[in-house]
Amino acid sequence: MKKIMIIGAGGHASSCLEIIKSEKKLKVVGFFDRSKDQFHNLDFLGSDREIHKYVNKYKNLHIGFANLKHLIDRAKIFERAKKLGFFFPVIISPHSVISKSSKICEGTIIFHHCLINANTSIGKNTIINNNCIIEHDVVIGDNCHIAPGSILNGKVIIEDNVFVGSGSIIKENVVIKKNTIIGMATKVLKTPNKKIYYNKI
């Protein structure tokens, strides 16, 4: 097995660790975090500012935090790590169905029970969380988080740095512009004209 390190030690990192273990292609050897608290009996390697110390020892990294307010931090860490020479493997749950005609770029993780349909393109450093349906010809950009249970219908375009809240449904052909936040359980029937978009309850 190739070895990999995780940046982050919260709930999302725990979920990422489970996906990595289930895929059985990579072995997690340690983690980076601002806290030295124990994390699944893995070695503490320092903060994310110290990843450069390991570039000649372990080449693979995964960013294991997904808090909405830290979405841009994911992008910054990804770009810095790439410049240092790290690799970001694609991680896919064996319990998801992925079309052979889809394209999934580096650093992206596909969680359990997702459907990625034909001719879909998913960018770098993106999270497709549990139970998502990504229909045919969808394009998802870099550094996005499609939260659990979301449905993206055919030919939807999601630009970079977009968060789609849990249980949201996006109608076919809709474009979600970069840096947009779609609130939980939102039905998006046309391209939003504002950066934070949600259903009123």
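Please read these numbers as outputs of a predicted model, since none were measured by experiment.

K.L.:
Looking at this structure, how should I read the environment of Asn-179?
P.N.:
Topologically, Asn-179 is positioned in the loop between β19 (175–176) and β20 (181–182). Judged by relative accessible area, which is 37%, Asn-179 ranks as partly exposed. Considering only alpha carbons, one finds Asn-179 and Asn-161, 18 residues apart in sequence, at a separation of 4.8 Å. Not counting chain neighbours up to four residues away, the residues in contact with Asn-179 comprise Ile-72, Asp-160, Asn-161, Val-162 and Lys-195. Polar contacts involving the side chain of Asn-179 include one to the side chain of Asn-161, which spans 3.3 Å.

K.L.:
Would you mind showing me how to read the pattern of salt bridges here?
P.N.:
In total, this model carries three salt bridges according to the counting rule given. Asp-48 is paired through a salt bridge with Arg-80; the nearest N and O atoms lie 3.0 Å apart. Here the residue Asp-48 occupies a position in the loop between β3 (43–46) and β4 (60–63), and Arg-80 occupies one in helix α2 (residues 71–84), the gap between them amounting to 32 residues. Asp-48 gets classed as buried once you look at its relative accessible area, which sits at 14%.

K.L.:
When you look at the packing of aromatic side chains in this model, what are you seeing that I'm missing?
P.N.:
For any two aromatic rings, the description comes down to two numbers: the centre-to-centre distance and the angle of the planes. Following the criterion strictly, the structure yields four aromatic pairs and no others. For the ring pair Phe-31 and Phe-44, a centre distance of 5.6 Å and an interplane angle of 65 degrees mean the geometry is edge-to-face. Of this pair, Phe-31 sits in strand β2 (residues 26–32) while Phe-44 sits in strand β3, and the two are 13 residues apart along the sequence. Judged by its relative accessible area of 1%, Phe-31 falls in the buried class. Each residue in the set Phe-31, Phe-39 and Phe-44 is aromatic and connected to the rest through ring pairs, giving one cluster.

K.L.:
Teacher, can you tell me more about the sheet that holds β4 here?
P.N.:
Hydrogen bonds between backbone groups are what pair the strands of a sheet, and the pairing can be parallel or antiparallel. Pairing is parallel in the open sheet, where four strands are placed in the order β3-β2-β1-β4. With partners counted over all chains shown, the strands left at the sheet margins are β3 and β4, one partner each. Direction aside, neighbouring strands of the sheet carry axes that sit 40 degrees apart on average. As defined by bridge partners, strand β1 (residues 2–7) adjoins β4 across four bridges and the pair is classed as parallel. Its bridge partner lying in β4, Ile-4 is registered against Asn-60.

K.L.:
Hey, could you run me through the nonpolar core in this one?
P.N.:
Inside soluble globular proteins, nonpolar side chains tend to come together where they are buried. Counting 23 residues, the largest nonpolar core has Ile-128, Ile-134, Ile-140, Leu-152, Ile-158 and Ile-170 as its most contacted members. Every residue in contact with Leu-152, bar those within four places of it in the chain, is listed here: Ile-133, Ile-134, Glu-135, Val-138, Ile-140, Ile-146, Ile-158 and Ile-170.

K.L.:
Can you help me understand unusual backbone geometry in this one?
P.N.:
Residues apart from glycine generally show negative phi values, whereas peptide bonds are mostly found in trans. The backbone of His-40 sits at a positive phi, close to 50 degrees, despite the residue not being glycine. Turning to its location among the elements, His-40 is positioned in the loop between β2 and β3. Taking the relative accessible area as the measure of exposure, His-40 reaches 38% and is therefore partly exposed. In the Ramachandran plot, Asn-125 falls in the positive-phi region, its phi being about 60 degrees despite a non-glycine side chain. On the secondary structure map, Asn-125 appears in the loop between β10 (121–122) and β11 (127–128). With relative accessibility at 2%, the residue Asn-125 sits in the buried group.

K.L.:
Mind showing me how you'd approach the layout of surface pockets here?
P.N.:
The rolling of a water-molecule-sized probe over the atoms marks out the regions of remaining empty space. A volume near 310 Å³ is recorded for the largest pocket. Around the largest pocket, the lining comprises 19 residues; the ones closest to its centre are Asp-33, Arg-34, Asp-48, Phe-65 and His-70. Within the residue set of the lining of the largest pocket, elements represented by two or more residues are α1 (11–23) and α2. Top contributing element to the lining of the largest pocket by residue count: α1, with three residues.

Conventions adopted
Residues numbered from 1 in each chain as written. Predicted model: local features only at pLDDT ≥ 70, side-chain atom pairs only at ≥ 80, totals over all residues. Heavy atoms only, no water. Helix = DSSP H or I, 4+ residues; strand = E, 2+ residues; numbered from the N terminus. Buried < 20%, exposed > 50% of the residue type's maximum accessible area, 1.4 Å probe, protein only. Contact = heavy atoms within 4.5 Å. Polar contact = N/O pair within 3.5 Å; in protein donor to acceptor, adjacent residues only side chain to side chain. Salt bridge = Lys/Arg side-chain N within 4 Å of Asp/Glu carboxyl O. Phe/Tyr/Trp six-rings, centres within 6.5 Å; stacked < 30°, edge-to-face > 60°. Pairing = 2+ DSSP bridges. Axes fitted to C-alpha atoms, helices over the stretch in contact; angles between N-to-C directions. Core = buried A, V, L, I, M, F, W, Y, C linked by side-chain atoms within 4.5 Å. 1 Å grid on protein atoms, 1.4 Å probe; cavity = no way out; pocket = protein on both sides within 12 Å on 5 of 7 lines; lining within 4 Å. Points joined across faces, edges and corners; volume = space filled by probe spheres on them.

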